[in-house]
Amino acid sequence: MIAPDLPIAMELIESHNTAHREVLEDDYDHLKRRLSRSGVDADKIKQRVKRLELATPTWGAGVGGTRFAKFPMPGEPTNIDEKLEDCAVVQQLGRNTPRVSPHFPWDWTEDPAALKDKAAALGLGFDAVNSNTFQDQSDQKRSYRYGSLTHTQAPTRDQAIEHNLACIEIGRKLGSKALTVWIGDGANFPGQQSLSKSFDRYLDSAAQIYSALPNDWFMLLEHKLYEPAFYSTVISDWGSSLLAAQELGPKAQCLIDLGHHAPNVNIEQIVARLDAAGKLGGFHFNDSKYGDDDLDSGSINPHQLFLIFNELVEAEARNSARFHPAYMIDQSHNITDPIESLLSSAEAIAAAFTHALVVNRDELAAAQDANDVMAAFQTLRRAYNHDVRPLLALARVEAGGAADPIALYRKSGWRDRKAQERRRASAAPGIV
Ligand SMILES: [Mn+2]
């Protein structure tokens, strides 16, 4: 095995952790005593939290943008090798993002084996591969202006199918086990397209992709309520996604992106429903205030994130054999350093998971059965009110990460160094 060539000096992490250790252990002991009074073993929870694995998206390593503008940052990555380096920093300091999720053709490489080796040397593996038929590439024959997998013309659908098959092929060489498919197909005018025929065409195209999946792969279907199609989107909601996944077969699963719903939709209930159907394939974590899908995880509604993890923990307890959702952070970092946002989000997600793990399940079930509404609510509230940061920090330190990842990242001078070495990113608007 190649010795990982980690980006941040280990001595820097060790001296940082030594400086934090005493206060951290004192805070953890306090939390441990508090949790034990509720019958919860903090050490066991800490071990479980250490096994939480989130993928980072390669596009999340760059400074994103809106449809209007992008403000590039000195030292931001502009190619897949540089994106891997930045994802390796996130993993090295945070210790819960061991795999990256590439997006094609943005991350296209002629030599997947070399890319896999490069990632391994940085301590990273590859997660789901993402296809892209929501924009035209300079070398493609047919335009996706009026759709891709659901286009009215078969040659355009075939081109989009071929691209997905190429993604599977490169994903096999990278060691991925899933293909995530999100299409922007839909209509911007009433009457523009047949709402039923476009869904039929989706099923037909998706079935051809599905038939090319290796046996140990999943096809993750990502729905999105709107944008870029503002009148109707072909795979707009979990109902359409579930119908498609059921039609395609057992390897097709539904993927929930937290920002892809109407405002105030009860996402935790969707978790329960998809789990009941055996179709809970994965998550894209982010947050939103209005109708976006771009804000940092847990920055707007951390309580919703907790309630979602509460359902996930219950789902795992019910169906541990088939519970294998793929978790990924999917945000657009417009004005922050993406490494800092990814570190902050990874901790917010781990905190929500930890809060869900400390819920007293027996108490909750008993209160629900007795229709003791306030007792049930208070059981959740008690878990949510614990300050679990010392547990998360100690879990990181024990796994070789940093007690305070963002502080250490700033001290490391990583971005300033990269600003000297890397070419400047383009200011063209768009999400990459
Ligand atoms: Mn997404």
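Criteria and cut-off values
In this convention, every chain numbers its residues from 1, walking through the sequence in written order. Confidence filtering applies because this is a predicted model: local features only for residues at pLDDT of at least 70, side-chain atom pairs given and counted only at 80 or more, and all residues used for totals across whole chains, interfaces and linings. A run of H or I in DSSP counts as a helix once it spans at least four residues, and a run of E counts as a strand once it spans at least two, with each numbered from the N terminus. The quantity called the radius of gyration is restricted to C-alpha atoms. Its globule counterpart is 2.2 Å times the number of residues to the power 0.38. For the exposure call, what matters is how many other C-beta atoms sit within 10 Å of a residue's own: 20 or more marks it buried, 12 or fewer exposed, and in between partly exposed, using C-beta atoms placed from the backbone. The contact criterion used is a C-beta to C-beta distance within 7 Å, with each C-beta placed from the backbone. UniProt positions are given in the numbering used here, feature names are shortened, and annotations may be inferred rather than shown by experiment. Following DSSP output, two strands are said to pair if at least two bridges run between them. A clockwise path from the first strand over the helix to the second, with the strands pointing away from the viewer, defines a right-handed crossover. The convention used is that axes are lines fitted to C-alpha atoms, helices contributing only their stretch in contact, and that angles between N-to-C directions extend from 0 to 180 degrees. Here the word oblique covers every angle except those under 35 degrees (roughly parallel), over 145 (roughly antiparallel) and from 65 to 115 (roughly perpendicular). Handedness of each helix crossing follows the sense of rotation of the near helix against the far helix: counterclockwise by less than a right angle gives left-handed, clockwise gives right-handed. Put simply, a nonpolar core is buried Ala, Val, Leu, Ile, Met, Phe, Trp, Tyr and Cys residues tied into one set by C-beta atoms within 7 Å.

### Looking at the overall build of the protein chain
Thought 1: Scanning the protein chain from N- to C-terminus turns up 15 helices and eleven strands.
Thought 2: Its C-alpha radius of gyration of 22 Å places the protein chain within 12% of the 22 Å reference for a compact globule of 432 residues.
Thought 3: By principal-axis analysis of the C-alpha atoms, the protein chain measures approximately 65 × 60 × 40 Å.
Thought 4: The buried share of the protein chain, taken over its 432 residues, is 46%.
Thought 5: When contacts within the protein chain are restricted to residue pairs at least 6 apart in sequence, long-range pairs at least 24 apart make up 80% of them.

### A few points about the UniProt feature "domain: Xylose isomerase-like TIM barrel" (unreviewed entry) in the protein chain
Thought 1: The sites that carry the UniProt feature "domain: Xylose isomerase-like TIM barrel" (unreviewed entry) are, in the present numbering, residues 99-304.
Thought 2: In the segment residues 99-304, helix accounts for 34% and strand for 16%; the C-alpha atoms at its two ends are 25 Å apart.

### Remarks on the pairing of strand β11 (residues 326-329)
The side chains of a regular strand alternate between the sheet's two faces.
Thought 1: As defined by bridge partners, strand β10 (residues 280-285) adjoins β11 across four bridges and the pair is classed as parallel. Bridged to His 284 within β11 is Met 328.
Thought 2: The handedness of the β10 to β11 crossover, carried by helix α9 (residues 302-318), is right-handed.

### Examining unusual backbone geometry
For residues that are not glycine, phi is negative in most cases, and the peptide bond is trans in most cases.
Thought 1: Cis rather than trans, the peptide bond between Phe 104 and Pro 105 has omega equal to 15 degrees.
Thought 2: Note that the residue after Glu 227, namely Pro 228, is joined by a cis bond; omega there is 10 degrees.
Thought 3: Mapped onto the fold, Pro 228 is located in the loop between β7 (218-222) and β8 (232-233).
Thought 4: A positive phi angle is found at Asn 264, which is not glycine, with a value near 70 degrees.
Thought 5: C-beta crowding within 10 Å serves as the criterion here: with 7 such atoms nearby, Asn 264 is assigned to the exposed category.
Thought 6: With a phi close to 55 degrees, Asn 371 is a non-glycine residue in the positive phi region.
Thought 7: Residue classification places Asn 371 among the exposed residues on the basis of 8 C-beta atoms within 10 Å.

### Thoughts on the packing of helix α1 (residues 10-37) against helix α13 (residues 389-398)
Thought 1: Contact geometry of α1 with α13 gives a least axis separation of 9 Å together with a crossing angle of 135 degrees. The orientation of α1 relative to α13 falls into the category oblique. In the crossing of α1 with α13, the sense of the turn from one axis to the other is left-handed. Along the contact surface, α1 presents Asn 17, Leu 24, Asp 27, Tyr 28 and Leu 31, while α13 presents Pro 390, Leu 391, Ala 393, Leu 394 and Val 397.

### Re the nonpolar core
Thought 1: One finds Met 219, Leu 220, Leu 221 and Leu 391 to be the most contacted residues of the largest nonpolar core, which totals 101 residues.
Thought 2: Examining the composition of this core, we find that twelve residues originate from one element, helix α10 (residues 338-357), more than from any other.
Thought 3: Residue contacts for Leu 221: discarding those within four places in its chain leaves Val 181, Ile 235, Ser 241, Ala 244, Ala 245, Ala 252, Cys 254 and Leu 255.

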